[in-house]
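Close look at the chain arrangement
For reference, the chains in residue letters:
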Amino acid sequence: MASVGQCVWLPVDDDEAYALARVKAVQGDSVLLERVKPPRGAKKEETLLQKAFEALSVVSGSEGETCDLVQLEDVSFAAMLSALRARSQRDEIFTSVGPVLVVVNPYKPVACCSPDLIRKMGAGESMPPHTHSIVATAYRNLLDEGGAQSVLVSGESGAGKTESIKLCMTSLAQLSRSSGKITAAALESSLLLEAFGNAMTVRNHNSSRFGKWCALHFDANGQICSGLIRSYLLEQSRVVGAAVGERNYHVFYYMLAAASPEQRKRLRLDTQGTQADGESTGAAAYNYTSKGELEAPGIDDIAGWAGVSEQLRVIGYSEEDQLSIFALLAAVLALGNVEFDASEEGAEDERGHGQIAASSRSAAEIAADLLEIDAKQLEAKLTTRVLVPAGGRASMYTIPLTPDQCRDTRDAIARAVYTSLFDKLIADINTSLAGDTPKLTPKSKQPLKRSRAEPDDERFIGFLDIFGFENFAFNSYEQLCINFTNEKLQSHFMDALIRRQEEEWRREGVASTHVVFPDNAAQLELLDGATLCVFALLDEECAISGTDDGFVSKMHNAFANPNPSANATASASAVYSKPVRGRNRAAVDAATDKLRFTISHYAGDVEYTALHWLEKNRGGLHQDLPRLLASSRHSGLAAMFEARAASDESKRATVGAAYRQSLRALSATMSRTNQHYIRCIKPNEEQEPDSFNGVVVERQMRCTGLGAVVEIQRSGYPVSFTHGAFVRRYKVVAFDRPQLFESDDEREICVGLVKYLQELQKGSGGEAGKGSWLDLMLAQVGLTKVFLRAEVYRQMEIPRQGVARRAAVCVQRLCRGVRVRASMRQLVRHQTAAAAVRAALKDKALPEAEAAILALKAVWEGYHVPEP
């Protein structure tokens, strides 16, 4: 029942999500609530029925006082939001949720992330929540137990995953006292890949557009000895142009803003990137960089270019080697400026035969020059295609391409060159991380040196930094792959933290309350099921040279019909739907409306548009193009495409199939590690400091499963000890009961200790409760561990802390006795020496008086009170 003055958390429609409200009056079945400190324009009072009021969370007063949310007296979302808000206002951005570290992005420098503070934290076991403490725990486990460790960092775009990884790696280098080329390369590699793989999006000015797994291996001395980096699904479509409000990859803008005059001349940048008055137009001069934003807030393009050069130098690139890499970047930009129109020869064809426009022939020549291939060959491959029927090479046909097909070919080359360059950089970084690094030559065709760390080496700590969940106004193939990745990670996260906890309870023979937690099995079945799934249908449509329209129609028939396909499970069909249209819906493009479908992800509903999905999923190039690039005089470029030129591109795995296979391998790697979790949360959508939006934060907490972690921690047994640790911890309170420790069975000893601790609480008037802790399952002794509820653990600590206080008093008494007795002995010696001085002076025996004074002086000069 409500009472006047009682405080509760009231759900509200503004940014706070939950507001502090006080009961103002109770009238029959109605409760009048008054909001405490409402923002301007917000509703100040609200009336609820008693039944609705009883469902609200009561304010406990402990919000913001704990650094671990499982210790909250109230574990509702309202209380957790209040705690996170209070800590964020104090710039305490790190908070624990049981074994999970929550990081709230401050969008500003904060003291708790300063290098000086991290250096002072050390490697102790008792540390406040911090990325450093996560890494310290992983490193300690690696040294003590010898098993592989992993740190899995997840969160939405803009939540701070990349920065958290940087903090982790810096801490690991400090803890392991590692230095030298390998450590420097490991730290610098993140910055280098950030330049080539990060871009500005509408939600984040420095968004990672690829996933990265970085494993650092350690030698017998616990120091970094080698490393390995794997990338996942670089967003290739961004290479050929960014959406409105976004940018292409940072490195293009770095180069265009800060390349030296000599570099600009050799890279042919001034040829197209200048105005009539000679001033550089930079990114605005290139189609691939001018479609979106030219500048990104918080990104210094000039400093970024200097950083890229330094980072390449660290991993072994000379200035000439760097220039060969930059030439490929400039070639991609030049390709984007090649335009096409219809030739007169194709006038009878209404679509026309494509040819390079006269105004962009110079751009084509520059691209050919930078790629070091023949300009006429490049033009031929851009505008024609060679077909080889089943009869063999004797039956080859050359067919002209339409202007649209020419543009697609141009973009395919640009994407392939940039993606291969990105893969080459990762391969060279891995070479520099392998130990005893030879000099890198990007133009070399020699195979990479194998890392000292063998595949079965378990002495490593891996860091996973992968894209956060995405839901934009227009969601394409890239968003589907990204969100599929997050579905896999969410399943892995729940399995590791919740299902395994329940399995442990079952193994221990401990009863536990069933916990309802998010389950995304239906989403995984829909996307990557064993029988019929979205990716399988997409691959099938690619194999038969189908259309995007046909692909979506097949999905509608399989999953959205009242009687779905026999191969589609009911659970998969439950999370798939056609887009809902109605009067209240925004206007849609009729041409793409038939390509839309909706998937109910664990983080919310996302509407996708399957425009150009078949082209994006195929991944392969027409066979002519790898052969053209492999014939380049740029030996680095030729090496990148040598294997592809010799293989059959038509048999190349689709992007989706290759990506799913890599995710399975990643899951297998993570499964054999001891996992540590970091959940990054953005406090607002605007990326502003000192702004906390409760609606945004609550959505992320629900999506990442943090609420389920708190629930299982609090409703189960958040505290556990092995039998030996429990006995060592609490035997000090039973020193007068030696019979408790006579048994050889530690489990029996633990049961006796639990009962005795409850007796102590009852005897001292404590809140031991009615009934036995063991009978009420507030404490349970398993086969190897003792599991305790939080309230029982707090009561058990009372007598133990009492013993500690009494022991401290005893130690203080002994120390004070030592000091007093020492002072007393000194006083006696002083009195003796002083009496000798007085006697000598009385007898006027000056030599004896002088000797006595010296003796008295010696007494005090030699005085020393022993330290306790």
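Note that this is a predicted model, so its numbers are computed, not measured.

Here is what the cut-offs are and how they apply
Residues numbered from 1 in each chain as written. Predicted model: local features only at pLDDT ≥ 70, side-chain atom pairs only at ≥ 80, totals over all residues. Heavy atoms only, no water. Helix = DSSP H or I, 4+ residues; strand = E, 2+ residues; numbered from the N terminus. Contact = heavy atoms within 4.5 Å. Areas by Shrake-Rupley, 256 points an atom, 1.4 Å probe, with all protein chains shown as cover. Expected span 1.5 Å × (residues − 1). Buried < 20%, exposed > 50% of the residue type's maximum accessible area, 1.4 Å probe, protein only. Salt bridge = Lys/Arg side-chain N within 4 Å of Asp/Glu carboxyl O. Patch = residues over 30% accessible without salt bridge, like charges linked within 9 Å, V, L, I, M, F, W, Y side chains within 5 Å. Lys, Arg positive; Asp, Glu negative; His and termini not counted. Charge placed at Lys NZ, Arg CZ, Asp CG, Glu CD. pLDDT = per-residue confidence, 0-100. Pairing = 2+ DSSP bridges. Axes fitted to C-alpha atoms, helices over the stretch in contact; angles between N-to-C directions. Left-handed = near helix turned anticlockwise from the far one by under 90°. Nonpolar A, V, L, I, M, F, W, Y, C, P; charged D, E, K, R; others polar. Core = buried A, V, L, I, M, F, W, Y, C linked by side-chain atoms within 4.5 Å. Polar contact = N/O pair within 3.5 Å; in protein donor to acceptor, adjacent residues only side chain to side chain. Parallel < 35°, antiparallel > 145°, perpendicular 65-115°, else oblique. Phe/Tyr/Trp six-rings, centres within 6.5 Å; stacked < 30°, edge-to-face > 60°. Lys NZ or Arg CZ within 6 Å of the ring centre and 35° of its normal.

Here we take up the overall build of the protein. For the protein, the count of helices and strands is 31 helices and 24 strands. In the protein, once contacts between residues fewer than 6 apart in sequence are set aside, the share between residues at least 24 apart is 65%. Carbon and sulfur atoms make up 52% of the accessible area of the protein, which amounts to about 40600 Å² in all.

This part covers helix H19 (residues 548-560). Helical geometry: 3.6 residues make up each α-helical turn, so side chains three or four residues apart lie on a common side. Helix length check: H19 (13 residues) gives 17 Å between terminal C-alpha atoms against 18 Å at 1.5 Å per residue, within 8%. Inspection of H19 places Asp-548, Phe-551, Val-552, Met-555, His-556, Ala-558 and Phe-559 among the buried residues, and these make up the whole buried set. The inward-facing, buried residues of H19 abut helix H17 (521-528), helix H18 (534-543), helix H20 (570-574), strand E18 (576-577), strand E19 (596-601) and helix H22 (613-618).

Turning our attention to the pattern of salt bridges. Using the criterion set out here, one finds 39 salt bridges in the structure. Lys-682 is the partner of Glu-156 in a salt bridge, and the nearest nitrogen-oxygen pair spans 3.5 Å. Of this pair, Glu-156 sits in the loop between strand E8 (149-154) and helix H5 (161-175) while Lys-682 sits in the loop between strand E21 (674-681) and helix H26 (694-703), and the two are 526 residues apart along the sequence. Exposure class is identical for Glu-156 and Lys-682. Each is buried. Notably, a salt bridge pairs Arg-407 with Asp-404, separated by 2.6 Å at the nearest N-O pair. In this pair, Arg-407 and Asp-404 are both assigned in helix H15 (residues 403-432), three residues apart and thus about one turn of the helix distant. According to the relative accessible area criterion, Arg-407 is partly exposed, its value standing at 25%.

Among the surface-exposed residues, Asp-744, Asp-745, Glu-746 and Glu-748 lie close enough to one another that they form a single negatively charged patch. Residue position: Asp-745 is located in the loop between helix H28 (723-730) and helix H29 (746-763). On the basis of relative accessibility, which here comes to 40%, the residue Asp-745 falls in the partly exposed class.

A few words now on the confidence of the model for the protein. Of all residues in the protein, 88% attain a pLDDT of 70 or more, and the chain-wide mean is 84. Low pLDDT (under 50) marks residues 274-279, which in the prediction has five contacts with non-local residues, meaning those over four places away or in another chain. Low confidence marks residues 436-455, where pLDDT is under 50. Its contacts with residues over four positions away, or in another chain, come to 44 contacts.

This part is about the sheet that holds strand E5 (residues 57-58). Within the open sheet, the five strands sit side by side as E4-E3-E2-E1-E5. Their pairing is antiparallel. Of all strands in the sheet, those bounded by a partner on one side alone are strand E4 (45-49) and E5. Note that strand E2 (residues 18-27) and strand E3 (residues 30-35) share six bridges and pair antiparallel. Within E3, the position partnered with Val-26 by the bridge is Val-31.

Within the secondary structure layout, Arg-119 lies in helix H3 (residues 115-121). It is 9.9 Å that separates the C-alpha atoms of Arg-119 and Thr-170, two residues lying 51 residues apart in sequence.

It is worth spelling out the environment of Ser-573 at this point. Mapped onto the fold, Ser-573 is located in helix H20. A C-alpha to C-alpha distance of 9.8 Å links Ser-573 and Met-555, two positions 18 residues apart in sequence.

A separate point is the packing of helix H2 (residues 77-89) against H26. Close contact between H2 and H26 brings their axes to 11 Å; oriented N to C, the two are set at 120°. Considering only the axes of H2 and H26, their crossing is right-handed. Residues Phe-77, Met-80, Leu-81, Leu-84 and Arg-85 of H2 lie in contact with H26, whose contacting residues are Gly-694, Val-697, Glu-698, Met-701 and Arg-702. Taken together, the residues of the contact of H2 with H26 break down into six nonpolar, one polar and three charged.

This part takes up the nonpolar core. Residues Phe-196, Met-255 and Phe-463 are the most contacted members of the largest nonpolar core, which totals 113 residues. Ala-83, Leu-152, Phe-467 and Val-575 belong to the second-largest nonpolar core, a separate cluster that totals 78 residues.

A word on the environment of Tyr-18. For Tyr-18, the position within the fold is in strand E2. Judged by its relative accessible area of 17%, Tyr-18 is buried. In contact with Tyr-18, not counting residues within four places along its chain, are Trp-9, Leu-10, Pro-11, Val-12, Phe-77, Ala-78, Leu-81, Glu-698 and Arg-702. Only 3.0 Å separates the side chain of Tyr-18 from the side chain of Glu-698, close enough to count as a polar contact.

This part takes up the side chain of Thr-201. Mapped onto the secondary structure, Thr-201 falls in the loop between strand E9 (198-199) and strand E10 (207-208). Classification of Thr-201 as buried rests on a relative accessible area of 2%. Apart from the residues lying within four places of it in its own chain, the contact partners of Thr-201 are Ser-157, Ser-207, Arg-209, Arg-238, Gly-245 and Glu-246.

Before going further, it helps to spend a moment on the sheet that holds E19. Read across the open sheet, the three strands follow the order E18-E19-E20; overall the sheet is antiparallel. Two strands lie at the open edges of the sheet, namely E18 and strand E20 (604-609), each paired on one side alone. Here two bridges tie E18 to E19, and the two strands are oriented antiparallel to one another. Bridge pairing in E19 links Tyr-576 to Ile-599. Of the strands in this sheet, E18 and E19 touch H17, which is tilted by about 145° from E19.

Side-chain direction in a regular strand flips from residue to residue, so the side chains alternate between the two faces of the sheet. The side-chain alternation of strand E22 (residues 719-722) yields one buried face, formed by Val-719 and Phe-721, and one unburied face, formed by Ser-720 and Thr-722. Summarising the sheet, E22 and strand E24 (residues 785-788) pair through four bridges and their orientation is antiparallel. Across the sheet, residue Phe-721 finds its bridge partner in E24, namely Val-786.

Residue position: Ser-491 is located in helix H16 (residues 477-507). If we skip the residues at most four places from it in the chain, Ser-491 touches Asn-520 and Leu-524.

Turning next to the packing of helix H7 (residues 250-258) against helix H11 (residues 301-314). Relative orientation and spacing of two packed helices are given, respectively, by the angle between their axes and the distance between those axes. Where H7 meets H11, the closest approach of the two axes is 8 Å, and the angle between their N-to-C directions is 100°. It follows from the interaxial angle that H7 and H11 lie roughly perpendicular. On H11, the residues touching Tyr-253, Tyr-254, Met-255, Ala-257 and Ala-258 of H7 are Asp-301, Ile-302, Gly-304, Trp-305 and Val-308. Of the residues in the contact of H7 with H11, the class split is eight nonpolar, one polar and one charged.

Moving on to the pairing of E8. When you tally the buried positions in E8, you get six out of six residues, the bulk of the element. The alternating pattern of E8 places Gln-149, Val-151 and Val-153 and Ser-150, Leu-152 and Ser-154 on opposite faces, both of which are buried. Note that E8 and strand E17 (residues 460-465) share five bridges and pair parallel. Looking at E17, one finds that Gln-149 is bridged to Ile-461.

Attention shifts here to the packing of aromatic side chains. As enumerated under the stated definition, the model contains 20 aromatic pairs in all. Ring geometry for Phe-210 and Phe-422: centres 5.0 Å apart, planes at 75°, overall edge-to-face. Of this pair, Phe-210 sits in the loop between E10 and strand E11 (211-218) while Phe-422 sits in helix H15, and the two are 212 residues apart along the sequence. The class for Phe-210 is buried, based on a relative accessible area of 5%. Among the aromatic side chains, those forming a connected cluster through ring pairs are Tyr-477, Phe-551, Phe-559, Tyr-576, Phe-597, Tyr-608 and Trp-613. The cationic tip of Arg-247 hangs over the ring face of Tyr-253; the distance from NZ or CZ to the ring centre is 4.0 Å.

Here we come to a nonpolar patch on the surface. On the surface, a nonpolar cluster with roughly 270 Å² of combined accessible area is contributed by Leu-387, Tyr-397 and Ile-399. Relative to the assigned elements, Leu-387 resides in strand E15 (residues 384-387).

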